[in-house]
Amino acid sequence: MIELRTLRQFIAVAEELHFSRAAQRLHMTQPPLSLAIQGLERELGAELFQRTQRRVVLSPAGAALLPRVRRMLAEAEE
C-alpha cells in the first residue's frame, strides 16, 4: 500500500527536479526523501527518475505517473 505522503514526495521531486530542493520544500532532509522515492520505485517496479550527478529528470514511467498521482491526491483532498 502506497501512502499519500509518498505520493506527495514524488510530486515534489517531479516538480523541483532536484532532491535537495524537494526535501527543503517538504521540510525534511534529502536522504529519507531519496529512500522514499527508491521504495516507491521498487513498489511500482519502475524507475521514475533518471538521475545523473548533475541532474534529475522524469523517466517515461514517471511522466506517465505524474498526472495520475495529481488526480489521486486531488480526489483524496476532497
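Calculation rules
Residues numbered from 1 in each chain as written. Predicted model: local features only at pLDDT ≥ 70, side-chain atom pairs only at ≥ 80, totals over all residues. Heavy atoms only, no water. Axes fitted to C-alpha atoms, helices over the stretch in contact; angles between N-to-C directions. Helix = DSSP H or I, 4+ residues; strand = E, 2+ residues; numbered from the N terminus. Parallel < 35°, antiparallel > 145°, perpendicular 65-115°, else oblique. Contact = heavy atoms within 4.5 Å. Nonpolar A, V, L, I, M, F, W, Y, C, P; charged D, E, K, R; others polar. Buried < 20%, exposed > 50% of the residue type's maximum accessible area, 1.4 Å probe, protein only.

Draft legend 1. Expanded view of the packing of helix α1 (residues 4-16) against helix α3 (residues 30-44). Put simply, α1 and α3 touch, their axes get as near as 10 Å, and they point 105° apart. One way to sum up the angle between α1 and α3 is to call them roughly perpendicular. The segment α1 lies against α3, with T6, Q9, F10 and V13 engaging L33, A36, I37 and L40. Each residue belonging to the contact of α1 with α3 can be placed in one class, and the counts come to six nonpolar, two polar and no charged.

Draft legend 2. Unusual backbone geometry, seen in detail. Unlike most non-glycine residues, L17 shows phi in positive territory, near 50°. Tracing the sequence through the fold places L17 in the loop between α1 and α2 (19-25). For L17, a relative accessible area of 35% gives the class partly exposed. Non-glycine residue H27 carries a positive phi angle of around 60°. In this fold, H27 is placed in the loop between α2 and α3.

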